[in-house]
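Each chain, written out:
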Amino acid sequence: MYWANLGILTVIQEANQFHFRETLIIFDAAVSSMSEQMKYRTIVFYKHYFEDFFNRQTKKVKAKIVWTFELIEELPKVPENYLKHIENTDGLYEIRVQLGSDIFRIFCFFDEGKLVVLANGFQKKTQKTPKQEIALASKIKMAYENDK
């Protein structure tokens with residue numbers, strides 16, 4: 001598996017051939033000049049939650065997700081249109097991905113400041129974020145904290 005950066009769009013080669021460990025996977029960024037830039041954050045996966053969501057997406061959506069992850073890792077201050085705190089939660093954030101008219105959200109939280117732990121993801125179809133998705137992300141966060 002490798003990532004190749006072609007201009008603004010990151011193309012994923014063999015996108016469905018990710019190799020995941022059972023609990024925690026470190027997301028390693030692109031093989032490109034972008035990977036040489038300083039990383040301000042590291043994105044990791046917890047268990048299978050994000051993997052299940054990611055594997056159901058098209059190649060274009062996967063590429064946009066990876067592009068957004070690289071942005072989150074490499075910018076010192078991430079704009080809210082890509083990473084936003086979810087109000088009335090205990091440290092949950094949403095990674096915001098848009099491709100055309102399709103909107104996706106990936107819940108995450110921080111561990112020790114610079115580590116972004118991915119939880120669940122979903123395609124957004126209404127203005128409000130579904131409460132059951134927030135509840136699932138909260139459960140995943142609690143399970144992660146208990147496993148540490």
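About the cut-offs
Residues numbered from 1 in each chain as written. Predicted model: local features only at pLDDT ≥ 70, side-chain atom pairs only at ≥ 80, totals over all residues. Heavy atoms only, no water. Helix = DSSP H or I, 4+ residues; strand = E, 2+ residues; numbered from the N terminus. Buried < 20%, exposed > 50% of the residue type's maximum accessible area, 1.4 Å probe, protein only. Contact = heavy atoms within 4.5 Å. Areas by Shrake-Rupley, 256 points an atom, 1.4 Å probe, with all protein chains shown as cover. Phe/Tyr/Trp six-rings, centres within 6.5 Å; stacked < 30°, edge-to-face > 60°.

**A word on the overall build of the protein**
Part 1: Assigned secondary structure in the protein consists of 3 helices and 8 strands.
Part 2: Each helix (α) and strand (β) of the protein, taken in turn from the N terminus, gives the series β-β-β-β-α-α-β-β-β-β-α.
Part 3: Looking at the protein as a whole, 43% of its 148 residues qualify as buried.
Part 4: A separation threshold of at least 6 residues defines the contact pool for the protein, and within that pool the share at least 24 residues apart is 50%.
Part 5: As displayed, the protein offers around 8700 Å² of accessible surface, 51% of which is attributable to carbon and sulfur atoms.

**Structural notes on the packing of aromatic side chains**
Part 1: Scanning the entire structure with this criterion turns up 11 aromatic pairs.
Part 2: Note on phenylalanine 45 and phenylalanine 50: the rings are 4.9 Å apart at their centroids and 35° apart in plane angle, and the pair reads as tilted.
Part 3: On the basis of relative accessible area, phenylalanine 45 is assigned to the buried category, the value being 3%.
Part 4: Residue phenylalanine 50 is classed as buried on the basis of its relative accessible area, which comes to 2%.
Part 5: Aromatic side chains phenylalanine 50 and phenylalanine 69 sit 5.5 Å apart centroid to centroid with 50° between the ring planes, which places their arrangement in the tilted category. In this pair, phenylalanine 50 sits in helix 1 (residues 49-55) while phenylalanine 69 sits in helix 2 (residues 59-74), placing the two residues 19 residues apart along the sequence.

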